[in-house]
Structures are given as structure tokens and as C-alpha cells.
Amino acid sequence: MDIRAIRYFVETVRHNSFTHAANELCVTQSTVSKMVRQLEDELGHALLHREGRGVRLTDIGRVVFERGQEALGVMQRLQRDIADLTELSRGQLTVGIPPTVNLFFPAIIQSFRRAYPLIELTIQEAGGKVIEERVQSGELEVGVTVLPVAPQSGLASSELGSFPICLVGTARSAWADQPMPGLGVLHGQDVVMLNDDYSLSRRLQMALDQAGVRPHVVAQSGQWDFLLSMALAGMGTALLPQPLLDRLQMPADAVVRPLHVPDLLWQVGLIWRADRYLSHAARAWLAVCEHNR
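Residues numbered from 1 in each chain as written. Predicted model: local features only at pLDDT ≥ 70, side-chain atom pairs only at ≥ 80, totals over all residues. Heavy atoms only, no water.

*Asks:* Looking at this structure, I do not really get the sheet that holds strand 5 (residues 142-147). What am I missing?
*Replies:* Two pairing modes exist for strands in a sheet, parallel and antiparallel, and in both the strands are linked by backbone hydrogen bonds. Strand order across the open sheet formed by five strands is 4-3-5-12-6, with mixed pairing between neighbours. The open sheet has two edge strands with one neighbour each: strand 4 (119-125) and strand 6 (155-163). Here the average twist between neighbouring strands, direction ignored, is 25°. Here strand 3 (residues 91-97) runs beside strand 4; their pairing, made up of seven bridges, is parallel. Bridge pairing in strand 4 links glutamine 92 to glutamate 120. In this fold helix 6 (residues 128-137) packs onto strand 3, strand 4, strand 5, strand 6 and strand 12 (266-273), with an angle of close to 135° to the strand it touches most, strand 5. Running at roughly 50° to strand 3, helix 10 (residues 280-292) makes contact with strand 3, strand 4, strand 5, strand 6 and strand 12 of the sheet. (Pairing = 2+ DSSP bridges. Helix = DSSP H or I, 4+ residues; strand = E, 2+ residues; numbered from the N terminus. Axes fitted to C-alpha atoms, helices over the stretch in contact; angles between N-to-C directions. Contact = heavy atoms within 4.5 Å.)

In C-alpha cells, the structure reads:
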């Protein structure tokens, strides 16, 4: 059923005239009359009694008029909703961010809320691996993880920052006297690491495997401060990104050394599915992140 025909019919009834309806719609009277007749033919019933210069509804015409007004109202609201979404004056967006990288985002979130105050922004916290899976499945449009992502994942990415990874321990650590130790110093040594849900843990494990280095993982945790506490208690070496160490309270006797592996950095980045539709809100989020990185 042509929505234009419904609109022409409703305007004819409202103005009690084909001529006045045509003037309101900026079309010819014959066009209005033709569209109303087509609507009657499609429904198989007369909707109007043509009486001189006016019209009068049939009983079926009265039902069509009432429902037609409702349909036109729905279309008007739909158009307003679409305009609101495309103009970013309303909408919803959920972004996945690992707790390990949330230190980068307060300023970005503030900028996004300032630019788009009517978009409902929700932050969903999970490990990088979980966020990657949720973006892949379509549960999330955009997320944040530690790069790189696997080429076969189908995920597009954009780096927000790249930082060194440091060894953290005590003066008794085997590498404490080296200014820039390599991965080899961890062979056979006790280490404490993030649990396997985190992308950084997987990235570190891959680098260790490629280098043929076999440390002894004595504990894993999803909490940075707990890893640091275990390392400073002498349980083993912690491998932590420099930005996290800058935020943690480091005791004077802590030993921190940047890991000397050129290709092994803590790369924080945005991820999304390049082969799927991104909402206007998601695209706005990517743009704000790019501007604030």
C-alpha cells in the first residue's frame, strides 16, 4: 500500500476537498483524485462519497482515515528518529574496554559526552580476548584491545598508543644489574603474569615461545597492583607496561627495567568489524578517539 496514497486520502478528508488537498500537497487535483481512486481499488471498497465540492466518508473510509492518520504519525516519528540518529542528537553505544587500558579513556569519554550529550554511552569491561570475540560476533560494534589482532579475525584496528613493557622485581632479580635486559634473562626464572584472558599475556607468551625462552609462571592475575605486590614480595618478575607503572605507587626499593625487545611493545588500539555496518554513534566514537590520541 502506497503511503503517498494514504497521505493524499487523509489530506482530502481533512480539507473536505480534492482541490484544497492538492494545494496543501503542492500537486494537481487530478493527481490527488487518481491516488485516492487507486487506494479504493486496492482495498476493494469506496472510501468517499463525492458530493458536489465536498466529500463524505463511508464507514470503511472512516476506519482507513483513522488508521491512515496513525500510519502517517508513525512515518513522521520514524523520519524524526532517523534524523536524530544521523545528526547524532540521540542514540546508544556500548564500547568494550579492558580494565588494563582504561587509564587512557577518561579524557576521551569526557570529550565524547561533551560533543554528543544525548548519546547514551555504556562502557563494558572485559579482557581483551573477550572483547575481540564480542566485536567479531557483532555483540559489540567497537572495542579496545592490545594489538596486533590476528589477521584471520576479520577485525580492523587503529593504534591509540605504543609503550614499552618493563620488568619489575627486587634487587635480587637476575636481571637487576642490566640497564635494558632482553627476554633471555627470564629463561628458567619465576614470573608473575596477567591471566590468559588478556591480550598482553598472549602477546608475551608468543614472544617468549619465538625466542625459545621458558620462564616458570608461578602466578597469574587480572589485577595490575596484585602482580606488582607479588613481584615486590620476591615471588617472581612481573612484566608490566610503562603507563601502568607510572600510575602505581612504586616503593623506593623496586627495580624497574625496560624490556629490550624492539618488536615487543604494549600497543593499545581500537577494533571493529570493517565488513559490517557501523552506526553513526560508533563512527563518532572512532573519530573522537582519533582526535584525542
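*Asks:* Explanation requested: helix 6 in the structure shown.
*Replies:* For an α-helix, the turn length of 3.6 residues means that residues three or four places apart are oriented alike. Looking only at helix 6, the buried set comprises Gly128, Ile131, Glu132 and Val135. Along the axis of helix 6, the buried positions cluster into a sector of 100°, meaning they face one direction only. Packed against the buried residues of helix 6 are strand 3, strand 4, strand 5, strand 6, helix 7 (199-211) and strand 12. Positive backbone phi, approximately 95°, marks glycine 138, located one or two places after helix 6. (Buried < 20%, exposed > 50% of the residue type's maximum accessible area, 1.4 Å probe, protein only. Arc of directions from axis to C-beta.)

*Asks:* Sorry, what's going on with the packing of aromatic side chains here?
*Replies:* Given two aromatic rings, one states the distance between the centres and the angle between the planes to describe the pair. Inspection of every chain in the model, using the stated rule, returns seven aromatic pairs. Seen in terms of ring centroids, phenylalanine 163 and tryptophan 266 are 6.2 Å apart; in terms of plane orientation they differ by 50°. Their pairing is tilted. Residue phenylalanine 163 is located in strand 6, and its partner tryptophan 266 is located in strand 12; the two are separated by 103 residues in the primary sequence. What makes tryptophan 266 buried here is its relative accessible area of 0%. Taken together, the aromatic side chains of Phe104, Phe163, Trp224 and Trp266 make up a single cluster linked through ring pairs. (Phe/Tyr/Trp six-rings, centres within 6.5 Å; stacked < 30°, edge-to-face > 60°.)

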